[in-house]
Amino acid sequence: MSAAAVEGPFEQVTLLEAAELISDRLVGHRVEVLGGQITVTPPPDGPHNDMLTDLIIPLSAAGLHGDVSRVVPGMGLWLPSGPSDYAVPDLCVVDADYREHLIELNCYDPMVFRLVLEVTSSNFTTDLKVKPLLYAEAGVPVYVIVDRIGRRVLVMTDPVDGVYREQAVHASGEFTLPESIGAVVALSVDDLLF
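Throughout, a residue's number is its position along its own chain's written sequence, starting from 1. Where local features are concerned, this predicted model is filtered to residues with pLDDT of at least 70; where side-chain atom pairs are given and counted, the filter is 80 or more; whole-chain, interface and lining totals use all residues. The side-chain figures draw on all heavy atoms in the structure; neither hydrogens nor water molecules are used.

1. Some remarks on the packing of aromatic side chains
Within 6.5 Å between ring centres, the rings of Phe, Tyr and Trp (the latter by its six-membered ring) count as paired, and their orientation is classed by plane angle as stacked under 30 degrees, edge-to-face over 60, tilted in between. Tallied over the entire structure, the rule returns 3 aromatic pairs. Ring centres 5.3 Å apart and planes at 80° place the aromatic pair Y98 and Y108 in the edge-to-face group. Placement of the pair is Y98 in the loop between β6 (91-95) and β7 (102-104) and Y108 in strand β8 (residues 107-108), with a sequence separation of 10 residues. Exposure categories follow from relative accessible area, calculated using a 1.4 Å probe and restricted to protein chains: below 20% of the type maximum is buried, above 50% is exposed, and the middle band is partly exposed. With relative accessibility at 11%, the residue Y98 sits in the buried group. Y108 sits in the buried class, given a relative accessible area of 13%. Joined through ring pairs, the aromatic side chains of Y135, Y143 and Y164 make up one cluster. Labels follow the DSSP assignment, with helices taken as runs of H or I lasting at least four residues and strands as runs of E lasting at least two, numbered in each case from the N terminus.

2. Quick look at the pattern of salt bridges
Salt bridge criterion: a side-chain nitrogen from Lys or Arg within 4 Å of a carboxyl oxygen from Asp or Glu. Tallied over the full model, the rule gives 10 salt bridges. A salt bridge links E32 to R30; the shortest N-O distance between them is 3.8 Å. A salt bridge links D95 to R114; its shortest N-O distance comes to 2.7 Å. In this pair, D95 is assigned in strand β6 and R114 in strand β9 (residues 113-119), connecting sequence segments 19 residues apart. The class of D95 is partly exposed, set by a relative accessible area of 22%. Each of R30, E32, D90, E118, D127 and K131 takes part in salt bridges that share partners, so that together they form one network.

Written as structure tokens, this is what we have:
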């Protein structure tokens, strides 16, 4: 006996709809659309989240979580690289009025982002190679990567034509985030990568 062919209308889902379906099914995973491709990252491990807390504390203590700016983990950033592109950085410093700049799918206009920060995990290639281009194209002034694999912190600034023109690599000791984020914040590579 042969099975009868099933006929009927087949609706093609959009990239955003597909990303939302995946996000609904893979609770705790980070789903992003980068360069027209859906990227799924497993939930972060304990040291990853511990490191984020170690970063939130000095950023907040410097006054960046107040009336002028806010320190927000896991906030969607709408990207100009494609009609459906968006990223969800691990941590952001944004203008306090960011709520007025919602674009779509809980993602906000890049103009409200002062700093985006990623802590590398299993997707370290994306954080190190893909996202610098996308964040620079979006005009995010400061991109920080805490590279757990390479045991270093990268601070990228001055985005022009999709490239960060200034890149500082810190392998040990203290470094200071650019004052353009709204405050002077000194951090220790050794403390972050304990």
